[in-house]
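Here is how the chains run, residue by residue.
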Amino acid sequence: MAAVQTFSRLALRKAAVHSTSSLAFNATRAYATAGKQSSLKETFANSLPEKIEQIKKLRKEHGNKVVGEVTLDQVYGGARGIKSLVWEGSVLDSEEGIRFRGRTIPECQEQLPKAPGGSEPLPEGIFWLLLTGEVPSEQQVRDLSAEWAARSEVPSYLNELIDRCPSDMHPMAQFSMAVTALEHESSFAKAYARGMKKSEYWEKTYEDSMDTIAKLPTIASRIYRNVYKDGKVPAVQKDKDYGYNFANQLGFAENQDFVELMRLYLTIHSDHEGGNVSAHTTHLVGSALSSPMLSLAAGLNGLAGPLHGLANQEVLNWIVEMKKHVGSDLSDENITKYLWDTLKSGRVVPGYGHAVLRKTDPRYACQREFALKHLPDDPMFKLVSQVYKIAPGVLTEHGKTKNPYPNVDAHSGVLLQYYGLTEQNFYTVMFGVSRAIGVLPQLIIDRAVGAPIERPKSFSTEAWAKLVGAQL
């Protein structure tokens, strides 16, 4: 009960922010004392006593119940489908797709607050929803936009570190390095070194997470501008939302449709259950009480892999190459031939298939709807649409793909390229900015409910053989 009482008292405090950022402190203090609506930190703190009691009760009454079976194929197949993680923000169903705190992507598009005159949800809203389970009001989202803007200043040493990177270093390597270097600013690491109560872990994790998310667009944009442009990064506009500021710092805010795309992109790429590489890695490293900066950097390193976040880059490369071969002939026969040629050469059709899904990825579907609205006549979109029409049948006939339908990566690159962001090596960095919005809420929750260090049991092949009664 001591922990519950502590969290109850925390709910009455004003939101405190990083002591080194007076701007952020003043901004948060203003929100907390306005008296009209609860801040994000207060909303989360108020929910903790009930949440902690729910978990205690669940474990006490049902802790010994078996909830699944593990096959040897799962063990040797990358732990695919083994039920062993707690992830509050989202659940991925093989037939239905992703739900964020119980809401589908179309429901999030409809219910989450939007920018004035905008039609796509603001990423601030999905962050609030993932952390608290509640849909925020428009004012609460505006306040969160202002708070992130107030926390967005990047330390000078970090700018210098990025500026010294070789121009041919992959943007994801630069991005991961920069997030790791933010550890120097970690209020969690500093407080832990001084000594703090476990009941206070979540507060410092919250502050670090907010600071990190706020700085990511500026960090990512500096990398982009250094590698591909003039090295100049516009300042964050304190009266604008997160998606607008990111688009502006990249140099694309003059196109309002791109700004809307950025808001949608950051929202739908944020979270995708806890078992994917970037989410699981962030959770795993965080379970050792590494700071949010180090935990997220570890997750970003996983995201950089070609079987995970780098896949969007590979898809676009394949589409561009396909366009060179098929030209303007987008007939069913020509596209079918190219797909079979790809498969017969021993390659896969990138952007199709998913570890869990057995239908078209809803994240693909909402990007397709965006394209139908904003760029229906784009040649590359028409090619993607033809592939979408034909590929599932070819892959089904081929017989080696469990899910013949497109995933999120099959579409995002084409949209970005249409608006002029053609530098494919940067796409995964954008994915990383979004993924932080999804994985860091769970890290806050983990520290709030006292989640332990993750330590599954492993066996050698000989030991597994013995367990299943086999002889090698």
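Residues numbered from 1 in each chain as written. Predicted model: local features only at pLDDT ≥ 70, side-chain atom pairs only at ≥ 80, totals over all residues. Heavy atoms only, no water.

Let us now look at the confidence of the model for the chain. Summary statistics for the chain give a mean pLDDT of 90 and a share of 92% for residues scoring 70 or more. Below pLDDT 50 for its whole length, residues 1–34 participates in 58 contacts with residues either more than four positions away or in separate chains. (pLDDT = per-residue confidence, 0-100. Contact = heavy atoms within 4.5 Å.)

Moving on: the environment of Arg368. Note on placement: Arg368 falls in helix 18 (residues 362–374). Put simply, Arg368 and Ser385 are 17 residues apart on the chain and 8.4 Å apart in space, counted from C-alpha to C-alpha. Sequence-distant contacts of Arg368, defined by excluding residues within four places in its chain, comprise Phe381, Ser385, Tyr388 and His411. (Helix = DSSP H or I, 4+ residues; strand = E, 2+ residues; numbered from the N terminus.)

Quick look at the packing of helix 3 (residues 40–62) against helix 21 (residues 427–448) now. A pair of packed helices is characterised by two quantities: the angle between their axes and the separation of those axes. Contact pair helix 3 / helix 21: the axes reach a minimum separation of 11 Å and the direction vectors enclose 55 degrees. When the axis of helix 3 is compared with that of helix 21, the two are oblique. Crossing angle aside, the handedness with which helix 3 passes helix 21 is right-handed. Along its contact with helix 3, which presents Phe44, Leu48 and Ile52, the element helix 21 presents Ile444, Ile445 and Ala448. (Axes fitted to C-alpha atoms, helices over the stretch in contact; angles between N-to-C directions. Parallel < 35°, antiparallel > 145°, perpendicular 65-115°, else oblique. Left-handed = near helix turned anticlockwise from the far one by under 90°.)

According to UniProt, the positions carrying the feature "active site" (unreviewed entry) are His308, His354 and Asp409. Sequence-wise these annotated residues cover 102 residues; spatially they are packed, their C-alpha atoms never more than 10.5 Å apart. Examined against the element boundaries, His308 turns out to sit in the loop between helix 15 (292–303) and helix 16 (311–326). According to the relative accessible area criterion, His308 is buried, its value standing at 15%. Setting aside chain neighbours within four positions, we find His308 in contact with Asn276, Val277, Ser278, Gly302, Leu303, Asp409 and Arg435. Structurally, His354 can be placed in the loop between helix 17 (332–344) and helix 18. (UniProt positions renumbered as here; feature names shortened; annotations may be inferred. Buried < 20%, exposed > 50% of the residue type's maximum accessible area, 1.4 Å probe, protein only.)

What describes a pair of aromatic rings is the distance from one ring centre to the other and the angle between the planes of the rings. Summed over the entire model, instances satisfying the criterion amount to 16 aromatic pairs. Centre to centre, the rings of Tyr192 and Tyr201 are 6.0 Å apart; their planes meet at 50 degrees, and the pair counts as tilted. A centroid spacing of 6.3 Å and a plane angle of 75 degrees characterise the contact between Trp202 and Tyr206, whose relative ring orientation is edge-to-face. With a gap of four residues between them, Trp202 and Tyr206 both fall in helix 11 (residues 201–228), about one helical turn apart. Since its relative accessible area comes to 2%, Tyr206 is described here as buried. A connected cluster of aromatic rings, assembled from ring pairs, spans Tyr224, Tyr228, Phe252, Phe258, Tyr418, Tyr419 and Phe426. Over the ring of Tyr244 we find Lys240, and its NZ or CZ is 5.0 Å from the ring centre. (Phe/Tyr/Trp six-rings, centres within 6.5 Å; stacked < 30°, edge-to-face > 60°. Lys NZ or Arg CZ within 6 Å of the ring centre and 35° of its normal.)

On to the pairing of strand 1 (residues 90–93), then. The side-chain alternation of strand 1 yields one buried face, formed by Ser90 and Leu92, and one unburied face, formed by Val91 and Asp93. As paired elements, strand 1 and strand 2 (residues 97–100) share four bridges and run antiparallel to each other. By the bridge assignment for strand 2, Ser90 is matched with Phe100. Taking the residues that link successive antiparallel strands as the turn, the strand 1-strand 2 hairpin has three residues. (Pairing = 2+ DSSP bridges.)

Let's shift gears to the domain arrangement of the chain. You can read the domains of the chain as domain 1 (40–57 + 67–309 + 424–466) and domain 2 (310–419). For domain 1 and domain 2, the distance between their C-alpha centres works out to 27 Å. Facing the 37 residues of domain 1 at the interface are 28 residues of domain 2. The junction of domain 1 with domain 2 conceals about 2800 Å² of combined surface from both sides, 62% of it contributed by carbon and sulfur atoms. Broken down residue by residue, the surface that domain 1 buries against domain 2 is led by Leu261, Gln424 and Tyr427, which jointly contribute 21%. The interface formed by domain 1 and domain 2 includes zero salt bridges. Our enumeration of links across domain 1 and domain 2 arrives at eight residue pairs in polar contact (both at pLDDT 80 or more). At the level of elements, strand 1, strand 2, helix 5 (105–111), helix 13 (256–268) and helix 21 are the ones that each hand at least two residues to the side of domain 1 that touches domain 2. The element best represented in the side of domain 1 that touches domain 2 is helix 13, accounting for seven residues. Along the lines of polarity and charge, the residues of the side of domain 1 that touches domain 2 split into 15 nonpolar, 14 polar and eight charged. (Domains from an automatic or database assignment. Buried area = accessible area lost by both parts, 1.4 Å probe. Salt bridge = Lys/Arg side-chain N within 4 Å of Asp/Glu carboxyl O. Polar contact = N/O pair within 3.5 Å; in protein donor to acceptor, adjacent residues only side chain to side chain. Nonpolar A, V, L, I, M, F, W, Y, C, P; charged D, E, K, R; others polar.)

Turning our eyes to something else, we now look at helix 19 (residues 379–398). Between the first and last C-alpha of helix 19 there are 27 Å, a value that for 20 residues agrees with the 28 Å anticipated at 1.5 Å per step. The largest bend along helix 19 reaches roughly 40 degrees and is located at Ile390, with the proline Pro392 sitting one to four residues downstream. Listed as buried for helix 19 are Met380, Phe381, Leu383, Val384, Ser385, Gln386, Val387, Ile390, Ala391, Pro392, Val394 and Leu395. Tucked into the core, helix 19 has its buried residues touching helix 16, helix 17, helix 18 and helix 20 (409–418). One or two steps after helix 19, the chain reaches Gly399, where phi turns positive at roughly 85 degrees. (Expected span 1.5 Å × (residues − 1). Bend = angle between axes of the 7 residues up to and from the residue.)

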